[in-house]
Amino acid sequence: TTSFGSKTAARSAGSGASAVSVSASLSGLATGRLYHFRLVATSDAGTSRGARRIFSTAGPPAAVTAQASSLAPTSARLNGRLTPNGLATSWYFEYGTSTRYGSRTATRNAGKGTRLVNVRFGLSRLRPGTTYHYRLVASNAAGTTRGADVAFTTTSVTLATRAQTVVFGRAVMLSGVIPSGRAGEVVTLVADPYGSPSRSVANVVTGAAGTWSYLARPAIRTVYRANWRGTASPGTVIAVRPRVRFRRIGAARFTVRVLGRRSFRGRWVRFQRRTSAGRWVLVKRVRLKRRSGATFRTRLPRGRVRIVMSVNQAGPGYLAGISRTIAYRR
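Here we summarise the structure given alongside this text. (Residues numbered from 1 in each chain as written. Predicted model: local features only at pLDDT ≥ 70, side-chain atom pairs only at ≥ 80, totals over all residues. Heavy atoms only, no water.)

### Structural notes on the sheet that holds strand S16 (residues 172-177)
- Ordered by their spatial adjacency, three strands build an open sheet running S14-S16-S19, and the pairing between neighbours is antiparallel. With partners counted over all chains shown, the strands left at the sheet margins are strand S14 (160-161) and strand S19 (211-216), one partner each. (Pairing = 2+ DSSP bridges. Helix = DSSP H or I, 4+ residues; strand = E, 2+ residues; numbered from the N terminus.)

### A closer look at a nonpolar patch on the surface
- On the surface, Val20, Val22 and Leu39 cluster together to form a nonpolar patch covering roughly 280 Å² of accessible area.
- With respect to the helices and strands, Val22 occurs in the segment before strand S1 (34-37).
- A relative accessible area of 51% means that Val22 is categorised as exposed. (Patch = residues over 30% accessible without salt bridge, like charges linked within 9 Å, V, L, I, M, F, W, Y side chains within 5 Å. Areas by Shrake-Rupley, 256 points an atom, 1.4 Å probe, with all protein chains shown as cover. Salt bridge = Lys/Arg side-chain N within 4 Å of Asp/Glu carboxyl O. Buried < 20%, exposed > 50% of the residue type's maximum accessible area, 1.4 Å probe, protein only.)

### Some remarks on unusual backbone geometry
- With phi around 50°, Ser70 is a residue other than glycine that occupies positive phi space.
- Taking relative accessible area as the criterion, Ser70 reaches 52% and is therefore assigned exposed.
- Residue Asn85 is not a glycine yet carries a positive backbone phi of 60°.
- With respect to the helices and strands, the residue Asn85 is situated in the loop between strand S6 (76-83) and strand S7 (89-96).
- The exposure class assigned to Asn85 is buried, which follows from its relative accessible area of 9%.

### A closer look at the pairing of strand S20 (residues 222-228)
- Buried residues dominate S20, accounting for five of its seven residues.
- In this sheet, S20 lies alongside strand S17 (residues 186-193) in antiparallel orientation, the contact comprising six bridges. The partner of Val190 across the bridge, within S20, is Arg225.
- Summarising the sheet, S20 and strand S22 (residues 236-241) pair through three bridges and their orientation is antiparallel. Across the sheet, Tyr224 pairs through a bridge with Thr236, a residue of S22.
- The pairing of S20 with strand S21 (residues 231-232) spans two bridges and is antiparallel. In the strand pairing of S21, Trp228 is matched with Thr231.
- Between S20 and S21, which pair antiparallel one after the other, the connecting turn spans two residues, and Arg229 there sits at a positive phi close to 50°.

### A closer look at the layout of surface pockets
- Size it by volume and the largest pocket reaches roughly 1600 Å³.
- Forming the walls of the largest pocket are 35 residues, and the residues nearest its centre are Thr8, Ala9, Arg38, Leu39 and Val40.
- If you list the elements that add at least two residues to the lining of the largest pocket, you get S1 and strand S2 (40-43).
- Here the element with the most residues in the lining of the largest pocket is S2; it accounts for four residues.
- The class makeup of the residues in the lining of the largest pocket is 16 nonpolar, 15 polar and four charged. (1 Å grid on protein atoms, 1.4 Å probe; cavity = no way out; pocket = protein on both sides within 12 Å on 5 of 7 lines; lining within 4 Å. Points joined across faces, edges and corners; volume = space filled by probe spheres on them. Nonpolar A, V, L, I, M, F, W, Y, C, P; charged D, E, K, R; others polar.)

### Quick notes on the pairing of S16
- Across the two faces of S16 the burial differs, with Val172, Leu174 and Gly176 buried and Met173, Ser175 and Val177 not buried at all.
- In this structure, S14 lies alongside S16, joined through two bridges in antiparallel fashion. Residue pairing across strands places Ala160 opposite Ser175, the latter belonging to S16.
- Pairing between S16 and S19: six bridges, direction antiparallel. Looking at S19, one finds that Val177 is bridged to Thr211.

### A word on the pattern of salt bridges
- Applying the stated criterion to the full structure yields three salt bridges.
- For Glu185, the salt bridge goes to Arg182, with nearest N and O atoms at 3.3 Å.
- Of the residues examined, Arg182 reaches a relative accessible area of 40% and is grouped as partly exposed.
- Ionic pairing is found between Glu185 and Arg229, a salt bridge with its closest N-O pair at 2.9 Å.

And the structure:
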C-alpha cells in the first residue's frame, strides 16, 4: 500500500554534485501482487523523497467464477473475474451437466495487466429446465488457475400448487408461468397417474404476464408436468386420499363407504372413538362389502367417532383415508 512499511538497507551515494544511479534487489515478495515504492535520500541538508512508483510480481492469474445471468430456456451468460498478474493471460469456461463438465468455450485473451478484468461468455443450444455446472479457467506462463464451481438452471415453464394432498373427488389448483411472459400461448398439461400411462389432460391458454392455471381432479397419486414450446416443467406430485363417507343412521347404527379409482371391497376400516385425553382408540374393525361400503352396529358412551382406512388397506397410489368426525350421543 502507499503506507509502504518496509525499507531496504541504507547505502552511501557519496558527496558529489552529479546524479548517481542507485538500485536494490528485493526477495521474499508475494507472487502476483502489486507493490508501491519510492527512493529516499538523506544528507546534512535534509531528506528528500522521490515520487511513488508501482510494480507487480508476475504469477499465475487469479480467477473467480461469478453467477450466471440472462437465463433463458436454451441460453445463459457465464460470468467471471480474473487478474492477469503481469503476464499475458488467456481464459475460457468449462461447463456441463455435472462437475465433470465435458465442454468448454472458446479461448479469449485478458491481457497482462495487474487490474481486475471482468469476463463473460454467452452459451446457446442448452436444454430447458436443466442444471449446468461451470467454472472459469485462466492461464499464463506462471501457471493455470481454476475458479470455484458454480451451478445454474435454464428456465422452463413452471408448475406449482398450494396443496400437495387432495381427497378423491376434490380439485386442486395447478398454476405456473412461461418464460416469455406472453399472453395467448398454449401450455399442455400432462398427467402421469399411478399405475397408468402418461396422458395429456388439458391445453391451457396463458393470460397476462404468461401465467396459466388449471383445476385438476386426480383420482389417484398423480405426477403433473406442464409443456410449452418443447420445454417441460419438473414433475409435481399430488397425493390422494380415499374419500371416506361416514354417517349415523340410527341409535346405534352407522354406515361407511370408501370412494376411489378402484374398488375397496374386502378391505378393512377402523371405527375409532376419541377419549377424554384426546387420543383416538380402536372400537372395532369393519369389513367393506358391495360398492366398498358397510353398515354396522355398536353401542358407545357419548363422544366423538370417526372411520379411518390405513395406507395398507387403501393400497398402492393412496394415502390413508379419514372420515369426518361425528358427535355421538346415545
